[in-house]
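Chain residues, written in single-letter form:
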Amino acid sequence: MHEVAHEWFGNSVSPKRWSDLWLNEGHASFYEDVYAEGRYGAEQEAVMRDAYEKLGDKLLANGPIAAPDPKTFTGDGADYRPYTDASYAGGALTLYALQQKVGASTFNAIERAWVHRYDNSVASTADFIRTASDVAGTDLRPFLRSWLYAEHLPPMPGHPDWKPLTS
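Residues numbered from 1 in each chain as written. Predicted model: local features only at pLDDT ≥ 70, side-chain atom pairs only at ≥ 80, totals over all residues. Heavy atoms only, no water.

**Some points on the nonpolar core**
Here is step 1: Within the largest apolar cluster, 41 residues are counted, with the highest numbers of intra-cluster contacts made by L93, L98, W114, F128 and L144.
Here is step 2: When residues of this core are assigned to their parent elements, the largest contribution, nine residues, is made by helix α4 (residues 85–102).
Here is step 3: When near neighbours in sequence (up to four residues on either side) are disregarded, L93 contacts M48, A51, Y52, L59, W147, L153 and M156. (Core = buried A, V, L, I, M, F, W, Y, C linked by side-chain atoms within 4.5 Å. Buried < 20%, exposed > 50% of the residue type's maximum accessible area, 1.4 Å probe, protein only. Helix = DSSP H or I, 4+ residues; strand = E, 2+ residues; numbered from the N terminus. Contact = heavy atoms within 4.5 Å.)

This is the structure:
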């Protein structure tokens, strides 16, 4: 399912820069979890909580989700840069946090607008934030920036009991 999701996030809408990679890998991971919930009963909330609490700030070892630091790509994993946990799990957590903040209906409208606006083109993190704000009818820049450019994971909306592993 992860690779099927790339038909929309990564193929139809491609990242403008490497730092925008979370837009395809985060979406593919998010929708992989949605599919697993519907098909196998693996609750997405439990998967997101597990990633948030067990990985926490470790996700940001290479820098913020939308601003990885190329100087950190050394050692055995250097051949996979910039494909890090931040792009995959961090991106999925960001999307889940957005869904929790705006509600499922608005989140789905944001996703549809994103794919529609940037179909067969490239787009950036700033484009996603602008689209989300436009569709939601509220300025989501502070919220999304707190997830995408922070050195620590922010609180998960609607889940005050979730505590991220901190570094």
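We are not done yet, so read on.
**A look at the pattern of salt bridges**
Oppositely charged side chains are able to pair whenever their charged atoms sit close together.
Here is step 1: Counting across every chain of the model gives seven salt bridges.
Here is step 2: One salt bridge in this structure joins R49 and E53, with 3.0 Å as the shortest N-O distance. Of this pair, R49 and E53 both sit in helix α3 (residues 44–55), four residues apart, roughly one helical turn.
Here is step 3: Given a relative accessible area of 30%, R49 falls into the partly exposed group.
Here is step 4: We note a salt bridge from R141 to D139, for which the minimum N-O separation is 2.8 Å.
Here is step 5: Judged by relative accessible area, R141 falls into the partly exposed class, the value being 40%. (Salt bridge = Lys/Arg side-chain N within 4 Å of Asp/Glu carboxyl O.)

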